[in-house]
Amino acid sequence: MTFSDAIRICFSKFFTFSGRASRPEYWFFFLFIVIWNIIAGIIDWQFFTQVSVTQTDEIKSVAATSRQPVQSIVGLIVFIPHLAVAFRRMHDTGRSGLYALLPILLIVGAFAVLIFGIGIASQFHGGTLDILFTRATLLIVIPTLLVLAVSPLLVLWWLTRPSQPDTNQYGPNPHEVAQ
């Protein structure tokens, strides 16, 4: 599979979350996304960055800000096809496509635990229960942060695994089927 084939296939399967995607299909599309984000960043930096200079008696500060409109548009265009090819890539390794969302789901869960724990602890002012809930929240949040650090690496490792040979529950091996 070539770079252009991978891009063509990923955009032609824009909303296709079923089936399988080979490693070259996923990683060439990922490279395409990185290249276009770099180009969009350069365009944003060149045309949409505002520089402001503030000077006091002894201190001069320069601040550059940009809303990054081009990068936002590129991100919106490639979000769904990237998610779809990640699902198909997970299928190719024999895993559910939802594993591609594992880090995002863990982040949402960590924030829910943190907010819920702080919310409960704030209901008990001055007593020992607020300390108990605050410490219990820390005991839950610290391992959760460790899992949050490891989960993207695990998903990355799964995305680099070779295809399962033959047909699996998600379809035929993409190396054995002509595109």
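Residues numbered from 1 in each chain as written. Predicted model: local features only at pLDDT ≥ 70, side-chain atom pairs only at ≥ 80, totals over all residues. Heavy atoms only, no water.

**Notes on the pairing of strand 1 (residues 49-55)**
Worth spelling out the cut-off: When a residue's accessible area, from a 1.4 Å probe over protein chains only, is under 20% of the maximum for its type it is buried; when over 50% it is exposed; and in between it is partly exposed. Secondary structure elements follow DSSP: runs of H or I no shorter than four residues count as helices, runs of E no shorter than two count as strands, and numbering proceeds from the N terminus. By the convention used here, strands pair only if DSSP detects at least 2 bridges between them.
Buried residues are scarce in strand 1, accounting for zero of its seven residues. Where strand 1 lies against strand 2 (residues 60-66), seven bridges are found, and the strand directions are antiparallel. Along strand 2, the bridge assignment pairs valine 53 with valine 62. A loop of four residues connects strand 1 with strand 2, the two strands running antiparallel in sequence.

**Here's the deal with unusual backbone geometry**
Its identity as a non-glycine residue notwithstanding, glutamine 68 has a phi of 55°, on the positive side. Within the secondary structure, glutamine 68 sits in the loop between strand 2 and helix 3 (69-92). Of note in the backbone geometry, aspartate 166 takes a positive phi value of approximately 60° without being a glycine. Note on placement: aspartate 166 falls in the segment after helix 5 (129-159).

**A word on the layout of surface pockets**
Which entries qualify depends on this criterion: Here the term cavity refers to a set of points on a 1 Å grid, laid over the protein atoms alone, in which a 1.4 Å probe fits but cannot get out; the term pocket refers to an open set having protein on both sides within 12 Å along at least five of seven lines, with lining residues being those that place an atom within 4 Å of a point. Grid points are joined across faces, edges and corners, and a volume is the space filled by probe spheres set on the points. Here the term charged refers only to Asp, Glu, Lys and Arg, the term nonpolar to Ala, Val, Leu, Ile, Met, Phe, Trp, Tyr, Cys and Pro, and the term polar to all other amino acids, Gly among them.
In this structure, the largest pocket encloses a volume near 340 Å³. Taken together, 18 residues form the lining of the largest pocket, with Tyr26, His82, Ala86, Ala100 and Leu159 sitting closest to its centre. In terms of residues, the lining of the largest pocket owes the most to one element, helix 3, which gives six residues. Counted by class, the lining of the largest pocket contains 16 nonpolar, two polar and no charged residues.

**Section: the pattern of salt bridges**
The test is simple: Salt bridge, as applied in this entry: a Lys or Arg side-chain nitrogen positioned within 4 Å of an Asp or Glu carboxyl oxygen.
Summed over all chains, the structure comprises four salt bridges. Across the pair aspartate 5 and arginine 8 runs a salt bridge whose closest N-O atoms are separated by 3.4 Å. Here the residue aspartate 5 and the residue arginine 8 both occupy positions in helix 1 (residues 3-12), the gap between them amounting to three residues, near one helical turn. A salt bridge links aspartate 92 to arginine 20; the shortest N-O distance between them is 2.8 Å. Highlighted residues: aspartate 92 in helix 3 and arginine 20 in the loop between helix 1 and helix 2 (23-47), separated in sequence by 72 residues.

**Observations regarding the packing of aromatic side chains**
Spelled out, the test is: Classification of ring pairs rests on two measures: the distance between centres of Phe, Tyr or Trp rings, Trp counted by its six-membered ring, which must be within 6.5 Å, and the angle between planes, read as stacked under 30 degrees, edge-to-face over 60 and tilted in between.
Enumeration over the complete set of coordinates arrives at 12 aromatic pairs. In this structure an aromatic cluster arises from ring pairing among Phe11, Phe14, Phe15, Phe29, Phe32 and Trp36.

**Here's the deal with the environment of asparagine 173**
Formally: Polar contacts here mean pairs of N or O atoms no more than 3.5 Å apart (in protein, one a potential hydrogen donor and the other a potential acceptor; neighbouring residues in sequence count only if both atoms are side-chain atoms).
Among the secondary structure elements, asparagine 173 is positioned in the segment after helix 5. Owing to a relative accessible area of 6%, asparagine 173 belongs among the buried residues under this scheme. Separated by 154 residues in sequence, asparagine 173 and glycine 19 place their C-alpha atoms 9.1 Å apart. A polar atom in the side chain of asparagine 173 sits 3.2 Å from the backbone oxygen of glutamine 164.

**Brief notes about the packing of helix 2 against helix 3**
Which entries qualify depends on this criterion: Axes here mean lines fitted to C-alpha atoms, for a helix over just the part in contact, with angles spanning 0 to 180 degrees between N-to-C directions. Comment on the angle field: the value is read as roughly parallel under 35 degrees, roughly antiparallel over 145, roughly perpendicular from 65 to 115, and oblique elsewhere.
It is the contact of helix 2 with helix 3, at a shortest axis distance of 10 Å, that shows an interaxial angle of 170°. Between helix 2 and helix 3, the interaxial angle falls into the category roughly antiparallel.

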